[in-house]
Amino acid sequence: MNRIAGYRCTLCRKEYPFGPERMTCPSCGEKGILDIVYDYQSVRRIFSRETLQKDHDNSMWRYRALMPIQGEGLADFLRIGWTPLYRSRKLGGQIGLNTLYIKDDGLNPTGSLKDRASGVAVAKAIELGYDTICCSSTGNAASSCAGNAARMGLKTVIFVPERAPIGKVAQLLIFGANVVSVKGDYRQTFELSKAAIEKWGFYNRNAGINPVMTEGKKTVAIEIAEQLNWNPTDWVAISVGDGCTIGGVYNGFYDLLQLGMIERIPKILGVQSTGCCPFVNADAAGGALVPTPENTLADSISVGVPRNPVKAQRAVKASGGAWIAVSDDEILEAMRMLGRAEGVFGEPAGVTATAGVKAAVERGMIKSSESVTVVSTGSGLKDVKNAMLAAGEPFACEPDIRVLEASGRIKQ
Ligand SMILES: *Cc1c(COP(=O)(O)O)cnc(C)c1O
Ligand SMILES: [Zn+2]
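The shown structure was predicted, so the numbers you read here are calculated from the model rather than taken from an experiment.

Engineer: Could you give an account of the packing of aromatic side chains, naming the residues involved and the relevant values?
Structural biologist: For the coordinates displayed, the defined rule picks out eight aromatic pairs. Seen in terms of ring centroids, Trp200 and Phe202 are 6.3 Å apart; in terms of plane orientation they differ by 20°. Their pairing is stacked. Its relative accessible area of 18% is what places Phe202 among the buried residues. For Lys199, the ring lying beneath its charged end belongs to Trp200, and the centroid distance is 5.7 Å. Here Arg307 stacks its cationic end above the ring of Phe190, 3.9 Å away from the centre of that ring.

Engineer: Would you mind going over the packing of helix α9 (residues 219-227) against helix α10 (residues 244-258) in detail, with residue names and values included?
Structural biologist: It is the contact of α9 with α10, at a shortest axis distance of 6 Å, that shows an interaxial angle of 50°. Here α10 runs oblique to α9, going by the angle between their axes. α10 is crossed by α9, and the crossing has right-handed handedness. Along its contact with α9, which presents Val220, Ala221, Ile222 and Ala225, the element α10 presents Val249, Gly252, Phe253 and Leu256. Here the contact of α9 with α10 is built from residues that sort into seven nonpolar, one polar and no charged.

Engineer: Just give me the short version of unusual backbone geometry, but keep the residues and values in it.
Structural biologist: A positive phi angle, near 55°, is found at Asn229, a position not held by glycine. A relative accessible area of 61% means that Asn229 is categorised as exposed. At Trp230, a residue that is not glycine, the phi angle is positive and equals roughly 65°. Secondary-structure assignment places Trp230 in the loop between α9 and β10 (235-239). What makes Trp230 buried here is its relative accessible area of 10%.

What counts, and where the lines are drawn
- Residues numbered from 1 in each chain as written.
- Chains lettered and ligands numbered in written order.
- Predicted model: local features only at pLDDT ≥ 70, side-chain atom pairs only at ≥ 80, totals over all residues.
- Heavy atoms only, no water.
- Phe/Tyr/Trp six-rings, centres within 6.5 Å; stacked < 30°, edge-to-face > 60°.
- Buried < 20%, exposed > 50% of the residue type's maximum accessible area, 1.4 Å probe, protein only.
- Lys NZ or Arg CZ within 6 Å of the ring centre and 35° of its normal.
- Axes fitted to C-alpha atoms, helices over the stretch in contact; angles between N-to-C directions.
- Helix = DSSP H or I, 4+ residues; strand = E, 2+ residues; numbered from the N terminus.
- Parallel < 35°, antiparallel > 145°, perpendicular 65-115°, else oblique.
- Left-handed = near helix turned anticlockwise from the far one by under 90°.
- Contact = heavy atoms within 4.5 Å.
- Nonpolar A, V, L, I, M, F, W, Y, C, P; charged D, E, K, R; others polar.

Printed below as a string of structure tokens:
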């Protein structure tokens, strides 16, 4: 694959040839998260605005030239990516923005943006001859890994913390995963999966560690750019847990800039919940990340010890973006707003970026005249408990029109 120049460590910057599969930097150990380095000259020969115009593959595989995989048999996969990018009709006005777009990644096959990473993981595992993939996750990475692996005939061993919402656990079981529900928090879940991978030699889909994961997630950024005719918005907002997604968003725009397909990288807004915001804290203190309790109902971003800090912090810094935290109440409000104003049903972590944009406009960090894309990263249907918390209960009525009329619920 001459498209790939090699790996580069995000800590010590040392480079390694692409070839033998690598997870982390041999000199830095587990913290030495790797980047995949592309040879943009070679990529340019097979990938451009023109080649994309002729490519009728409406999935994320249309960007396979920018992924570290051979790229065979991709047509057999579930349809990942090419999710809709809606121009907001009402919500933008409600939060004080002239131009707002909503990228609904909850419409991926298993209902979250994680399918983009899992697709690449499954492709890579098949390429390397593994028969089992292992993953620890707050929920969505797990269910997307299980679903995409099921489709392609791989087995999965999945570790989730016991607090994972039942909808996500149900998905795992339906996809036939071997599910281990860990009596502990996400950090302990991650550690147990790591020990299992070492012991049994499964393919490792842990997003913080495995460098190919960001290369799948970055397709959301490339898609936003293509859907906006290579003229992305001033800002792109994304919710942050481990930091792999936001790191991917930056990588996607970075690739396009190197290839001359866009003129600038949007400012990236990283959004967390005040109940668990190690990145926002580190930004405010100007120091390193400090582990925090995991205390938010946005379970997918309830990550006290992020596994991909370097790529996440780079994304915000290098793009001239910002970090912001919002309360769980603001997250629930954003859930109602997105649903009612635009018909998009996101899970709490999925709408956190929207809550962050609203807060950033209020605080003057984003100007009304600036254009913004928010990514809704996951479907609300997986976590109906929190949706009911946001939206309340329905009106219970006797099956009698007089009772209904007397209630005053229906107005003409
Ligand atoms: C995983 C996830 C995120 C955050 O992604 P990270 O890579 O952990 O930062 C955000 N929203 C949803 C719905 C997720 O599942
Ligand atoms: Zn290193």
